[in-house]
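Structure assessment
So the chains spell out like this:
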Protein chains: 2
Amino acid sequence: MKNSIKLLREEKRITQKQLASQVNVSRQAINAIENEKFEPSIWLAYDLAKYFGLSIEDLFHFEESDRK
Amino acid sequence: MKNSIKLLREEKRITQKQLASQVNVSRQAINAIENEKFEPSIWLAYDLAKYFGLSIEDLFHFEESDRK
DNA sequence: TAATGAAGTCAAGTATACTTGACCTCTAGA
DNA sequence: TCTAGAGGTCAAGTATACTTGACTTCATTA
């Protein structure tokens, strides 16, 4: 599932580690989601969207072709 | 996590089984989510929201107190 | 050069979303 | 009455989100 996290994070000039601590997950979880290794849980999606001031649907790109 | 699924489903006059088949999960999964036994995955949340014509944030009620 | 930090990745473990199959209870209709 | 459908729940299994800890590479800077 594609998302805008890496882009938005870089605009904010924060590291994966800093973003991870903002949303209470590990740095590896952020890395994996940015690189589409796995999909976030609904709470993590919510926390990330909230952190960037977006809706879940705007932060994550739901495309049928991305469905596992 | 509270949600409006049961209410909206009953307004549409469809059963848990029918809703389940619309979003490609088991009847038990719908039942468990309606009764807050567990949280939906992000894709299921998306599919349910889309089915009812709502955003994920409008269908599911994210409240800190509900966080596990 | 050497050291440090940021990012990518892997392995092993844990938590939980979801499945199938079963059983029970209640209600509505034949 | 009897039966079928709807909903609630349980047990056991599978898939995957996420953790911790470790290692590597690359870029920046002392």
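In this text the structure is predicted, and so the values were computed from the model without any measurement.

**Examining the UniProt feature "domain: HTH cro/C1-type" (unreviewed entry) in chain A**
Mapped onto this numbering, the UniProt entry gives "domain: HTH cro/C1-type" (unreviewed entry) at residues 5-59 of chain A. Within residues 5-59 of chain A, the helical portion is 67% and the strand portion 0%, while the C-alpha atoms at the span's ends are 7 Å from each other.

**Quick look at the protein's contact with DNA strand C**
In the region of DNA strand C, 22 residues are neighbours, and R9 and Q16 of chain A together with S26, F38 and S41 of chain B sit closest. In this structure, Q28 of chain B approaches DNA strand C through a side-chain N or O atom, which is 2.9 Å from a base oxygen. Take S41 of chain B: an N or O atom from its side chain is 2.6 Å from a phosphate oxygen of DNA strand C. Among the elements of the structure, α1 (5-11) and α3 (27-34) of chain A together with α3 (27-34) of chain B are those that each provide at least two residues to the surface near DNA strand C. The element best represented in the surface near DNA strand C is α3 of chain B, accounting for 4 residues.

**A few points about the protein's contact with DNA strand D**
What surrounds DNA strand D is a group of 22 residues, the closest being S26, F38 and S41 of chain A together with R9 and Q16 of chain B. For DNA strand D, the backbone portion of the atoms within 4 Å of the protein, that is sugar and phosphate, comes to 64%. At a separation of 3.0 Å, a base oxygen of DNA strand D approaches a polar side-chain atom of Q28 of chain A. Between R9 of chain B and DNA strand D, the recorded distance is 2.7 Å, taken from a side-chain N or O atom to a phosphate oxygen. Elements represented by at least two residues in the surface near DNA strand D include exactly α3 of chain A together with α1 (5-11) and α3 of chain B. When residues of the surface near DNA strand D are assigned to their parent elements, the largest contribution, 4 residues, is made by α3 of chain A. A per-class count over the surface near DNA strand D returns 6 nonpolar, 9 polar and 7 charged.

**Some words on the pattern of salt bridges**
As enumerated under the stated definition, the model contains 8 salt bridges over all chains in all. Here E64 of chain A makes a salt bridge to R67 of chain A, at a shortest N to O gap of 3.0 Å. In this structure E64 of chain A comes out as partly exposed when scored by relative accessible area, which is 47%. A salt bridge links D66 of chain B to K2 of chain B; the shortest N-O distance between them is 3.9 Å. Residue D66 of chain B is found in the segment after β2 (60-61), and its partner K2 of chain B is found in strand β1 (residues 2-3); the two are separated by 64 residues along the sequence. What you see here is one network of salt bridges that share partners, running through D47 of chain A together with E64 and R67 of chain B.

**Here we look at the relation of the copies chain A and chain B**
Once chain A is rotated about the relating axis by 180° and shifted along it by 0.0 Å, it coincides with chain B to within an RMSD of 0.0 Å. The superposition of one copy onto the other is thereby described by a two-fold rotation axis. No C-alpha of chain A lies nearer the rotation axis than that of I42 of chain A, which sits 2.4 Å from it. Most of the interface of chain A is mirrored in chain B, where 100% of its interface residues again form contacts.

**A look at the nonpolar core**
Within soluble globular proteins, side chains that are nonpolar tend to cluster in buried spots. I56 and F60 of chain A together with I56 and F60 of chain B are the most contacted members of the largest nonpolar core, which totals 42 residues. The dominant element in this core, judged by the number of residues it contributes, is helix α4 (residues 42-52) of chain A, at 8 residues. Among all residues touching I56 of chain A, those that are not within four sequence positions of it are I42, A45, Y46, A49 and F62 of chain A together with I42, I56, E57 and F62 of chain B.

**Observations concerning the interface of chain A and chain B**
Across the boundary between the two partners, chain A contributes 18 residues, which contact 18 residues of chain B. Summed over both sides, the interface of chain A with chain B buries roughly 1600 Å², with 64% coming from carbon and sulfur. The largest per-residue losses of area from chain A upon contact with chain B belong to I42, W43 and F62 of chain A, which jointly make up 45% of the total buried on that side. Applying the counting rule to chain A against chain B returns 2 salt bridges. The salt bridge partner of D47 of chain A is R67 of chain B, with a shortest N-O separation of 2.7 Å. Taken together, chain A and chain B are joined by 6 residue pairs in polar contact (both at pLDDT 80 or more). Mapped onto the side of chain A that touches chain B, the elements with two or more residues apiece are α4 and α5 (56-59) of chain A. In terms of residue count, the dominant contributor to the side of chain A that touches chain B is α4 of chain A (6 residues). Of the residues contributing to the side of chain A that touches chain B, the split by class is 9 nonpolar, 1 polar and 8 charged.

What counts and how
Residues numbered from 1 in each chain as written. Chains lettered and ligands numbered in written order. Predicted model: local features only at pLDDT ≥ 70, side-chain atom pairs only at ≥ 80, totals over all residues. Heavy atoms only, no water. UniProt positions renumbered as here; feature names shortened; annotations may be inferred. Helix = DSSP H or I, 4+ residues; strand = E, 2+ residues; numbered from the N terminus. Near = heavy atom within 4 Å. Polar contact = N/O pair within 3.5 Å; in protein donor to acceptor, adjacent residues only side chain to side chain. Nonpolar A, V, L, I, M, F, W, Y, C, P; charged D, E, K, R; others polar. Salt bridge = Lys/Arg side-chain N within 4 Å of Asp/Glu carboxyl O. Buried < 20%, exposed > 50% of the residue type's maximum accessible area, 1.4 Å probe, protein only. Least-squares fit on C-alpha atoms with pLDDT ≥ 70 in both. Contact = heavy atoms within 4.5 Å. Core = buried A, V, L, I, M, F, W, Y, C linked by side-chain atoms within 4.5 Å. Buried area = accessible area lost by both parts, 1.4 Å probe.

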